[in-house]
Structure formats: structure tokens, C-alpha cells
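The lines below spell out each chain.
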Amino acid sequence: MDQEWQPDSLFQTRLNEVRQDLIRYIENNSEKIDTNIPVFFGHVVSMIDHSLPEIDDKTHDQLIEEITIQLLNRSSRSSNVEYIEKLFNHAYRLKRKPGGKMIFDVILGLKLIDIGKYHEAIVQLKPFRKADAMIYTAIAYCYHILATDPVSSASHAHGGKSGDMALNAREQLIEMVRVRPPVNRLRFPRVASDLRFNKIFWYMLKLGIKWFPDEPEFLKIGLQKARMDGNQGMRGELLTIATERYYNDMIFLRELYSYRLEQNDAAGAAGVVKQMIQHYPDELEPVYHGMQLSMMLQQSLAYGRFRKMAISKGMPENIVYLLDFTFELSSGRREEAYMSLDKIRQRLSAKNHYLTLIEYLTHDVFSEDAERAKKARMTLVDSIDQYCLRLVKMKD
């Protein structure tokens, strides 16, 4: 029989209650659990089945991962590799979706780093290095420690010479920028945050930037991760290096322009637009960003100047008209906005689906419902920006 439907918020409340109950149980009984892991996981499964019968496979497996790592963190045997493998094997058998073992294998590799078993960590992590850039940096870190720390190197008779270890560390970083694995593909349980994965990544990435000053890919990988993590401090630090070394690289100028906008630094963004135009005088994208910034600042004279420049450089009329429409829309000028919309209709097919969306959202933008109008304006302006920028890049 189908389960009775319940609001998602109610399910999330019950999920959090189950998670907290299990965490409290672990905190109070970790030694007891360690002596009979199968019984503990039987208790976990029973509790989930009873309290969360409608749980989906993904949420179920994430909960199993969180509880497993929480138990590992609390256990007095968390430095025992045999214990960790036993724990993870039991947990893996409880997961519903296939292919979910990699996250446990990677966490085991990170635990090996934490307890100073660097050679074992290298062997454990290497099969998964192409899954995420952070694994490459973790492996490189192991080699780097073996090359620079005499205690760690001496504790491994099969470790090889320190010079070889140093070379291996660099080779892992070079392979990373050549392969360009995904960034932040792995999703670790929240309770696994103390595994120093991020700290190792940034430590080794900075070394890569230092060791290979002519390789821009390290900066690109770092900027991608900083942006995904919302790490504005690191993003600004990397952009400072990037714009000094590669001051005329459009990829970094584009990233810097976006960063300045997010920091509400209009003067800084205007300076980047100026740099773009200086280095790419024949391309449309710098001019487009100038028009965009003028719209944001509601500067009619600046917008007109960039608009004239755009037309002289051959920007398609449909893009210009869409930007004119956006400028009037952002300024709250209803009549002028609809006049611009008429020009767009003349340029686009009557059956153009994007035009239909624009007309629908324009009606909402001028709605008397302030909240609805605000959401519609943000959606429409962002949509037109992405659409026009894509067309501009195709034109360039």
C-alpha cells in the first residue's frame, strides 16, 4: 500500500530527528558499538525503516555515510586500518545504490594520511585520482611529505629516495592539469569535514603555482573550486596572481570582472572592462560588459557610448534591442520597455519561444504585486544576459 503523502518539511524534520538520535547513541555507546558493528548497523536499518519508510535511495545512502563517519570519528580505534576497513565494508553493504563504495575508499585514504601512513594512502587513493582534482593533490601531498619530512620518510623502508618523492609530487600535479579531472565531484558527509581534504588541496595547489609559474591551469582549477565553495578570500588571492602573470588572458579578465561585480566594486569592474577593451579592441564581449555595467549603474550616457561602440563593431541588432529593452526594464520605464519589446518582435519570429517567455515575464515585471515583480525582473534580466552573452561569444 502506498505511503500517505506528507510535506517535505515534515520529512526533513523526522530525518533530522533520526540523524540526531543515532549520533547521540554513538556518542554514548561508541565502545560498545566497536565490539559488535553488525548489531549496530542492524539497529540503524531498523530505525530508518520504522521512522522513515518513504526515504529515497539517495537520502538513505547519505544517512548511512554520515552515521558511519560519525562512528569512525568517535571510535578509539579510528587509527586502526583493519577496523576502518571492517566498518566501511559493513556500511557499504547497507547502501541501496550501486557504485557507492568509492566514497568510503577515498575517506580511508584520507584517514591513512591523517595517521601518517603516506605510502599506504598513495596506494589507496591512486585508483580514484581521476574522479576529483582533490585526490590528485592528496596523492601529491603524500609524496611531498615523504620528500621533505625525514621522520616520515625514514619510517618507510620501501619509501624510495627523497628526490624521487619530490619528483613524484610534481608529476602528480602536472598530470592533474593535463587530465583536468572534475572539481568537487565527490560529496563528503558533513561529519567528514575534519579530514583536512580542503587544506591539503589548497596547500598543494599553491605549491603547484609556485613550482610551475608558467602553467595557468593551476589557477583555473583553483578559481573553479573557490567559486564553487564560495571562498571569496581565496578567489581574490588567486585572481591577484592571475592578473599579474596573465594580465591579457580573457578567461582571467572575465573571472575578475565577475568577482568585482559580486563584491559590489563598480569602479573595479569598470577598470576591468577598460582592460578588456585595450587587449581585445576588435571583440564584442568587452563592449557587451560595458553596456551591462552601465545598465546596472543606470548610467544612460555611458550606456549610449557603449551602445554606439557596439553597433560600430557589428553587434547584431537583435542583441542591441534586447539590451535596450533590459535597460528600460531595469529603469522601471514601462512605456519605453514595451516600445523596445515591439522592436524585438519585428526582429524575431512570431513563433519564437524565447519571445513568448519575454512577453510573459514582462507582464509580471510591471505587476502590482511587488514580490512577484521583483522575482520576474531578476529572472528576465538574468535570462537575457545569458542569452545575449552566448550570442556575443558565438559572434566573436
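So, how was this worked out
- Residues numbered from 1 in each chain as written.
- Predicted model: local features only at pLDDT ≥ 70, side-chain atom pairs only at ≥ 80, totals over all residues.
- Heavy atoms only, no water.
- Helix = DSSP H or I, 4+ residues; strand = E, 2+ residues; numbered from the N terminus.
- Rg over C-alpha atoms; globule rule 2.2 N^0.38 Å.
- Buried < 20%, exposed > 50% of the residue type's maximum accessible area, 1.4 Å probe, protein only.
- Areas by Shrake-Rupley, 256 points an atom, 1.4 Å probe, with all protein chains shown as cover.
- 1 Å grid on protein atoms, 1.4 Å probe; cavity = no way out; pocket = protein on both sides within 12 Å on 5 of 7 lines; lining within 4 Å.
- Points joined across faces, edges and corners; volume = space filled by probe spheres on them.
- Nonpolar A, V, L, I, M, F, W, Y, C, P; charged D, E, K, R; others polar.
- Contact = heavy atoms within 4.5 Å.
- pLDDT = per-residue confidence, 0-100.

A word on the overall build of the protein chain
Thinking step 1. Scanning the protein chain from terminus to terminus reveals 20 helices and zero strands.
Thinking step 2. Since a compact globule built from 396 residues should have a radius of gyration of about 21 Å, the 27 Å found for the protein chain marks it as more spread out than a globular shape.
Thinking step 3. Seen along its three principal axes, the alpha-carbon backbone of the protein chain occupies a region of about 75 × 65 × 30 Å.
Thinking step 4. Taking all 396 residues of the protein chain together, the buried fraction comes to 46%.
Thinking step 5. Here the protein chain has roughly 20700 Å² of accessible surface; of this, 50% comes from carbon and sulfur atoms.

Some details on the layout of surface pockets
Using a probe with the size of a water molecule, rolled over the atoms, empty space left in the structure can be pinpointed.
Thinking step 1. Space inside the largest pocket adds up to approximately 550 Å³.
Thinking step 2. Surrounding the largest pocket, 18 residues form its lining, Gln-62, Glu-65, Lys-95, Ile-103 and Arg-187 being those nearest its centre.
Thinking step 3. When residues of the lining of the largest pocket are traced back to their parent elements, those giving at least two are helix H3 (57-74) and helix H5 (102-114).
Thinking step 4. Looking at the lining of the largest pocket, the element that brings in the most residues is H3, giving five residues.
Thinking step 5. Taken together, the residues of the lining of the largest pocket sort by class into six nonpolar, three polar and nine charged.

Topic: unusual backbone geometry
Thinking step 1. Backbone geometry places Asn-184, a non-glycine residue, at a positive phi of 60 degrees.
Thinking step 2. Mapped onto the elements, Asn-184 comes out in the loop between helix H9 (162-179) and helix H10 (197-211).
Thinking step 3. Taking the relative accessible area as the measure of exposure, Asn-184 reaches 12% and is therefore buried.
Thinking step 4. In this structure, Asn-264 is a non-glycine residue whose phi angle is positive, near 55 degrees.
Thinking step 5. Among the structural elements, Asn-264 can be located in the loop between helix H13 (250-262) and helix H14 (266-279).
Thinking step 6. Taking the relative accessible area as the measure of exposure, Asn-264 reaches 72% and is therefore exposed.

Re the environment of Gly-208
Thinking step 1. The topology assignment puts Gly-208 in helix H10.
Thinking step 2. Note on Gly-208: relative accessible area 0%, which makes it buried.
Thinking step 3. Those residues in contact with Gly-208 that sit more than four places away from it in its chain are Leu-173 and Phe-218.

Here we look at the side chain of Lys-225
Thinking step 1. Within the secondary structure, Lys-225 sits in helix H11 (residues 217-229).
Thinking step 2. Contact partners of Lys-225, with chain neighbours within four places excluded, come to Met-134, Val-183, Asn-184, Asn-198, Phe-201 and Trp-202.

Quick notes on the side chain of Gln-172
Thinking step 1. Of note, Gln-172 is situated in helix H9.
Thinking step 2. If we skip the residues at most four places from it in the chain, Gln-172 touches Lys-126, Arg-129, Tyr-136, Ile-139, Ala-140 and Tyr-143.

What about the confidence of the model for the protein chain?
For residues with low pLDDT, the predicted coordinates do not support detailed interpretation.
Thinking step 1. When the pLDDT values of the protein chain are averaged, the result is 90; 93% of them are 70 or greater.
Thinking step 2. Taken element by element, the protein chain is modelled with least confidence in helix H8 (residues 150-154), mean pLDDT 62, and with most confidence in H11, mean pLDDT 97.

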